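Residues per chain are reported as follows:
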Amino acid sequence: MASSHDAFRLTAQGAAVAEARRRVRARLHEWGIDGELSDDAGLIVSELFTNALRYGDSEKIACAVRLCEGVVRIEVAEQGQGLTVPQPRVAGMDEECGRGLLLVGALSRAWGVTLGEGGRGRVVWAELGPAGDHQ
């Protein structure tokens, strides 16, 4: 099966979250992926972009989406100098934030963090398979 790939960069501002979600879902639609998998990918890219905006200190945020053998891989890269590695945490009942990476983990087959190019910034990635194929 052939693989498909798309990548883009957006200015690090609030409107980038919705634009990234729209672009990823549109590309998946072009590749014949709709329904639950597309919905999950949209949520994941929203969470990863939001975190990159909040914690990344970058002017631009890059996103890559790949489809290979039925697996969708989403990568969101920021070039900031964050001092911590993104980790899921348990948010309090009254907190509005803090559940994003728990959601990413629940919706994806696998996810992780790698250093960006030249050791600057981070790339947070998630892989999704067919509906119901989560960890």
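The structure this text deals with has already been given above.
Each chain has its residues counted from 1, running along the sequence as written. The predicted nature of this model means local features are confined to residues of pLDDT at least 70 and side-chain atom pairs, given and counted, to a pLDDT of 80 or more, with totals for whole chains, interfaces and linings taken over all residues. Calculation of side-chain values draws on the structure's entire complement of heavy atoms; hydrogens and water are dropped beforehand.

(A) Structural view of the nonpolar core. Residue types Ala, Val, Leu, Ile, Met, Phe, Trp, Tyr and Cys, when buried and joined through side-chain atoms within 4.5 Å, form a set referred to as a nonpolar core. Think of it in three bands: with a 1.4 Å probe and only protein chains considered, a residue is buried below 20% of the maximum accessible area for its type, exposed above 50%, and partly exposed in between. By size, the foremost hydrophobic cluster in this structure holds 28 residues, and its most contacted members are Val24, Phe49, Val72, Ile74 and Val76. Strands here are runs of E lasting at least two residues and helices are runs of H or I lasting at least four, both read from the DSSP assignment and numbered beginning at the N terminus. Of all elements in the fold, only β1 (4–11), α1 (15–30), α2 (35–55), β2 (60–68), β3 (71–78), α3 (100–107) and β5 (122–128) reach the threshold of two or more residues within this core. Looking at which element gives the most residues to this core, the answer is α2, with seven residues. Setting aside its immediate chain neighbours within four residues, Phe49 contacts Phe8, Leu10, Ala16, Val17, Ala20, Ile61, Cys63 and Val76. Working rule for contacts: check all heavy atoms of both residues, and any pair within 4.5 Å makes them a contact.

(B) Fine view of the sheet that holds β3. Strands pair, by our definition, only if DSSP identifies at least two bridges between them. Reading across from one edge, β1-β2-β3-β5-β4 is the order of the five strands in this open sheet, with antiparallel pairing throughout. Edge positions in the sheet fall to β1 and β4 (110–115), since each of these pairs with one other strand and no more. Geometrically, the sheet is characterised by an average inter-axis angle of 15° between neighbouring strands, direction not taken into account. Two strands pair when backbone bridges link them, and β2 and β3 are joined in this way by eight bridges, in the antiparallel orientation. Bridge pairing links Ala64 to Glu75 in β3. What counts as an axis is a line fitted to C-alpha atoms, over the stretch in contact for a helix, and the angles between N-to-C directions run from 0 to 180 degrees. Where α1 meets the sheet, it contacts β1, β2 and β3, and its direction lies at approximately 165° from that of β1. Along the sheet face, α2 touches β1, β2, β3 and β5 and points at about 15° away from the line of β3.

(C) A look at the pairing of β3. The buried count for β3 comes to seven of eight residues, which makes it a mostly enclosed element. The antiparallel pairing of β2 with β3 creates a hairpin that spans two residues between the two strands, and Glu69 there sits at a positive phi of about 55°. One ladder, built from seven bridges, connects β3 with β5; its direction is antiparallel. Within β5, the position partnered with Glu78 by the bridge is Arg122.

(D) The packing of aromatic side chains, seen in detail. Geometry of aromatic contacts follows a simple scheme: Phe, Tyr and Trp rings, the Trp one being its six-membered ring, pair when their centres are within 6.5 Å, and the pair is stacked under 30 degrees between planes, edge-to-face over 60, tilted otherwise. Tallied over the entire structure, the rule returns zero aromatic pairs. When the NZ atom of lysine or the CZ atom of arginine is within 6 Å of a ring's centre and also within 35 degrees of its normal, the charge is said to sit over that ring. If you follow Arg23 out to its NZ or CZ, it ends over the ring of Phe8, 5.0 Å from the centre.

(E) Seen up close, unusual backbone geometry. Non-glycine residue Glu69 carries a positive phi angle of around 55°. In this fold, Glu69 is placed in the loop between β2 and β3.

(F) Spotlight on the packing of α1 against α2. Interaxial distance between α1 and α2 falls to 9 Å at its minimum, and their mutual angle equals 150°. Taken together, the axis directions place α1 and α2 in an arrangement best described as roughly antiparallel. Every pair of crossing elements has a handedness; the one defined by α1 and α2 is right-handed. Contacts from Ala16, Val17, Ala20, Arg21, Val24, Arg25 and Leu28 in α1 reach Ser38, Asp39, Ala41, Gly42, Val45, Ser46, Phe49, Thr50 and Leu53 in α2. Gly falls in the polar group here, along with every residue not listed as nonpolar (Ala, Val, Leu, Ile, Met, Phe, Trp, Tyr, Cys, Pro) or charged (Asp, Glu, Lys, Arg). Per-class residue counts for the contact of α1 with α2 are nine nonpolar, four polar and three charged. Should an angle fall under 35 degrees it is taken as roughly parallel, and over 145 as roughly antiparallel, whereas 65 to 115 is taken as roughly perpendicular and any remaining angle as oblique. Handedness of a crossing follows from how the near helix is turned relative to the far one, being left-handed for an anticlockwise turn of less than a right angle and right-handed for a clockwise one.

(G) Region of interest: the environment of Thr11. Considering the arrangement of structural elements, one finds Thr11 in strand β1. As for Thr11 and Glu59, which are separated by 48 residues in sequence, their C-alpha atoms are 6.0 Å apart. Once residues within four sequence positions are removed from consideration, Thr11 is found in contact with Ala16, Glu59 and Lys60. Here a polar contact is taken to be a pair of N or O atoms separated by no more than 3.5 Å, where protein atoms must pair a possible hydrogen donor with a possible acceptor and residues adjacent in sequence count only if both atoms sit in side chains. Among the polar contacts made by the side chain of Thr11, one reaches the side chain of Lys60 at a distance of 3.4 Å.

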